[in-house]
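Here is how the chains run, residue by residue.
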Amino acid sequence: MYYMASTELGDRLLSSLAGEYGTPLYVYDGKMIAERYDAFYSAFSGRFANVRICYALKANTSLAVCSLLRDLGAGADVVSAGELKTALAAGFSPEDIIYTSNSKSDSDLALAVDAGVIINVDSAGELESLGKIAAGRKKTARISFRVNPGVNPKTHPKIATGLAESKFGLHIEGGLALAAYRKAARMKHIAVIGVQAHIGSQIQDAGNFVDSARRLFDFALELKKIGIALDFIDFGGGLGISYQGAKSLQPEELAKALEPVIRDGFKRLGYRPALVFEPGRYIVAESGILLTRVNSVKKTPYKNFINVDSGFNTLMRPAMYDAYHRVRIVGRKGSSETYDIAGNVCETGDILARDRMLPKARKGDIIAILDTGAYGMSMTSSYNSQTLPAEVLVRGKRADLIRQRGEQDDLYWRQKIPEDLS
Ligand code: LLP
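Residues numbered from 1 in each chain as written. Predicted model: local features only at pLDDT ≥ 70, side-chain atom pairs only at ≥ 80, totals over all residues. Heavy atoms only, no water.

A.B. asks: How should I be thinking about the layout of surface pockets in this particular structure?
C.D. replies: Of the voids in this model, the largest pocket is the one considered here, and its volume is about 690 Å³. For the largest pocket, the lining is made up of 32 residues, of which Lys58, Thr161, Phe168, His198 and Tyr375 are closest to its centre. Listing elements by their share of the lining of the largest pocket, those giving two or more residues are helix H10 (281–284) and helix H11 (317–321). For the lining of the largest pocket, the element with the highest residue contribution is H11, accounting for three residues. Looking at side-chain class alone, the lining of the largest pocket contains twelve nonpolar, twelve polar and eight charged residues. Taken domain by domain, the makeup of the lining of the largest pocket includes at least three residues from each of domain 1 (2–26 + 286–405) and domain 2 (30–284). (1 Å grid on protein atoms, 1.4 Å probe; cavity = no way out; pocket = protein on both sides within 12 Å on 5 of 7 lines; lining within 4 Å. Points joined across faces, edges and corners; volume = space filled by probe spheres on them. Helix = DSSP H or I, 4+ residues; strand = E, 2+ residues; numbered from the N terminus. Nonpolar A, V, L, I, M, F, W, Y, C, P; charged D, E, K, R; others polar. Domains from an automatic or database assignment.)

A.B. asks: What is the right way to look at the domain arrangement of the protein chain in this model?
C.D. replies: One widely used convention gives an interface's size as the accessible area the parts lose upon coming together. Domains assigned within the protein chain are domain 1 (2–26 + 286–405) and domain 2 (30–284). With 27 residues of domain 1 in contact, the opposing surface of domain 2 contributes 25 residues. A per-residue breakdown of the area domain 1 buries against domain 2 is headed by Glu286, Tyr321 and Tyr375, which together make up 27% of the total. At the boundary of domain 1 and domain 2, one finds one salt bridge. A salt bridge links Arg36 to Glu286; its shortest N-O distance comes to 3.0 Å. (Contact = heavy atoms within 4.5 Å. Buried area = accessible area lost by both parts, 1.4 Å probe. Salt bridge = Lys/Arg side-chain N within 4 Å of Asp/Glu carboxyl O.)

A.B. asks: What's the story with the environment of Gly227 in this structure? I'm lost.
C.D. replies: By the element assignment, Gly227 lies in the loop between helix H8 (206–225) and strand E9 (232–234). With 155 residues separating them in the primary sequence, Gly227 and Leu72 have C-alpha atoms 36 Å apart.

A.B. asks: Would you mind showing me how to read the environment of Ala112 here?
C.D. replies: Take Ala112: it is sitting in helix H5 (residues 106–115). A relative accessible area of 1% places Ala112 in the buried class. The spacing of Ala112 and Ile98 is 14 residues in sequence and 9.5 Å in space, taken between C-alpha atoms. When sequence neighbours within four positions are dropped, the list of residues in contact with Ala112 reads Leu84, Tyr99, Val117 and Ile119. (Buried < 20%, exposed > 50% of the residue type's maximum accessible area, 1.4 Å probe, protein only.)

A.B. asks: Please clarify how the nonpolar core should be interpreted in this entry.
C.D. replies: Generally speaking, nonpolar side chains in soluble globular proteins are found buried as a group. Membership of the largest hydrophobic core comes to 109 residues, with the highest contact counts inside it found for Tyr55, Ile119, Ile143 and Tyr181. The element that contributes the greatest number of residues to this core is H8, accounting for nine residues. Taken together, domain 1 (2–26 + 286–405) and domain 2 (30–284) each give at least three residues to this core, which thus spans both. In this structure, Ile119 is in contact with Tyr99, Lys104, Leu109, Ala112, Val113, Glu126, Leu130, Ala141, Arg142, Ile143 and Ser144, ignoring residues within four places of it in sequence. (Core = buried A, V, L, I, M, F, W, Y, C linked by side-chain atoms within 4.5 Å.)

A.B. asks: Looking at this structure, how should I read helix H3 (residues 63–72)?
C.D. replies: Regarding H3, the residues found buried are Val65, Cys66, Leu68 and Leu69. Down the axis of H3, the buried side of the element spans an arc of 155°, and every buried residue falls inside it. Taken together, the buried residues of H3 touch strand E1 (25–29), helix H2 (30–45), strand E2 (51–56), H10, strand E17 (390–395) and strand E18 (398–403). Among the residues trailing H3, Gly73 stands out with phi positive, at a value near 110°. (Arc of directions from axis to C-beta.)

A.B. asks: So what exactly am I meant to see when it comes to empty space enclosed by the protein here?
C.D. replies: Over the atoms rolls a probe the size of a water molecule, and in doing so it shows where empty space is left. Applying the stated criterion to the full structure yields one cavity of 30 Å³ or more. Size it by volume and the largest cavity reaches roughly 90 Å³. Residue lining of the largest cavity: 14 residues in total, with Phe209, Phe235, Gly236, Gly237 and Phe277 positioned closest to the centre. Ranked by residues supplied to the lining of the largest cavity, first place goes to H8 with three residues. Each residue belonging to the lining of the largest cavity can be placed in one class, and the counts come to nine nonpolar, four polar and one charged.

A.B. asks: How do you make sense of the pattern of salt bridges when you look at a structure like this?
C.D. replies: A side chain with one charge can pair with a side chain of the opposite charge if their charged atoms come near. In this structure the tally under the stated criterion is 27 salt bridges. Where Asp71 meets Arg70, a salt bridge forms, and the shortest distance between an N and an O atom there is 3.3 Å. When its relative accessible area of 61% is taken as the criterion, Asp71 is described as exposed. The exposure class assigned to Arg70 is partly exposed, which follows from its relative accessible area of 30%. The structure contains a network of salt bridges with shared partners spanning Arg47, Glu252, Glu259 and Arg263.

A.B. asks: Sorry, what's going on with the side chain of Arg47 here?
C.D. replies: Its place among the elements puts Arg47 in the loop between H2 and E2. A polar contact is formed between the side chain of Arg47 and the side chain of Glu259, at a distance of 2.7 Å. Beyond its immediate stretch of four places on either side in the chain, Arg47 contacts Glu252, Ala255, Lys256, Glu259 and Arg263. (Polar contact = N/O pair within 3.5 Å; in protein donor to acceptor, adjacent residues only side chain to side chain.)

A.B. asks: Any chance you could explain the site of the ligand here in plain terms?
C.D. replies: Near the ligand you find 20 residues, and of these Ser201, Glu278, Arg317, Tyr321 and Tyr375 are the closest. With respect to the ligand, the side chain of Arg317 contributes an N or O atom lying 2.7 Å from an oxygen atom. One nitrogen or oxygen atom from the side chain of Tyr375 is found 2.6 Å from an oxygen atom belonging to the ligand. More than half of the atoms of the ligand fall within 2 Å of the grid points belonging to the largest pocket. Among the residues making up the shell around the ligand, the classes are represented as six nonpolar, eight polar and six charged. (Near = heavy atom within 4 Å. Sits in = over half its atoms within 2 Å of the grid points.)

A.B. asks: What should I look at first to understand the packing of helix H7 (residues 176–185) against H8 in this one?
C.D. replies: The description of two helices packed together rests on the angle between their axes and the distance between the axes. Relative orientation of the contacting elements H7 and H8 amounts to 40°, with a least axis distance of 11 Å. Taken together, the axis directions place H7 and H8 in an arrangement best described as oblique. You can see that H7 and H8 cross each other, and the crossing is right-handed. The residues of H8 that touch H7, namely those facing Ala177, Leu178 and Tyr181, are Phe219, Glu222 and Leu223. (Axes fitted to C-alpha atoms, helices over the stretch in contact; angles between N-to-C directions. Parallel < 35°, antiparallel > 145°, perpendicular 65-115°, else oblique. Left-handed = near helix turned anticlockwise from the far one by under 90°.)

Below, the structure written as structure tokens:
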């Protein structure tokens, strides 16, 4: 079977970390995160002067991972008040944070105005609320609008966002977005400084990004005609990886494909807005391995199951998106049996991997689930009253525990039993 190592984390290290910290355990390779960040940043900064990478926190919100990226020079893309506060806690400066969400409450908006982050407005209604909130605070909110460019990115339907029917953004089509900019430009407490589009996630085809970029520049030209100049154009995130371990679209190829559109766009505009990108998955996915221990091996007349000590509460992607993750048994080679890796959540759908040829598995073995650095820990839950996994960040010879394993008490945290029932 074709196999390409995701990270340089060797089996000896993985098995000692599982022994020391227990399972399930997320392990991240900090060196790989830095390499991926540098690859993305240099692909664009090698071609253009004013480039900013705003790491999409949602991929992995763990404070140490965010802090590592901040240290490397990243800004932050956040999608909730919680992520906004997390970004601040990880030390990102407010001016390097862009806050996107299709549904922000007044208190979310007030928090964003007070913090001084860039607010990526998603609707005319939100603009109106924001105008009032900023005026009430005698502050100026710096905003962009998320626009819907109507691009179909051909990815999993649950993570395609730029489709015409999607809930996200203001449509360029029909003049909705233009009308919002016109209105915002007249508002006293609003400063319009950018435009953003994010068409979806796990995109492998550069053509989708090119289409979206072209529409963004066309739109920026429309804005210029009504007297609006932009500080930045934000192309969103979405660069995919290969979960099969094959070659996938690289930032260098993406930058090469986008270069003519951007150069042409600059020429047409007659000025050069900064270029912002919001990658999440590409930066952290391949750096992460989920370690889970075999509780038992079960043979049935139809299938062989390896029952492990994690489930979709620990790694949601297979159940939610039918996602494929490579798996291997730490310290064992070869392939002799076909197994399903069965999670410990009491639902039929909780299969972490299907029909995999693996060495003969035994109780106590450690299974490594690869490419789980993105949308792994950040999507965990305590369903079935399971406690949350621990996390370790490896940098060279150093391995730091960055999140302690959850405990039973966490499950009761902030709950109350009415007196008559206790
Ligand atoms: N910017 C915005 C506004 C986004 O909504 C997203 C992802 C990103 C950036 C980062 O996209 P990325 O570079 O990571 O593709 N839970 C799903 C992925 C959901 C992505 C949602 N938005 C998964 O596990 O595949």
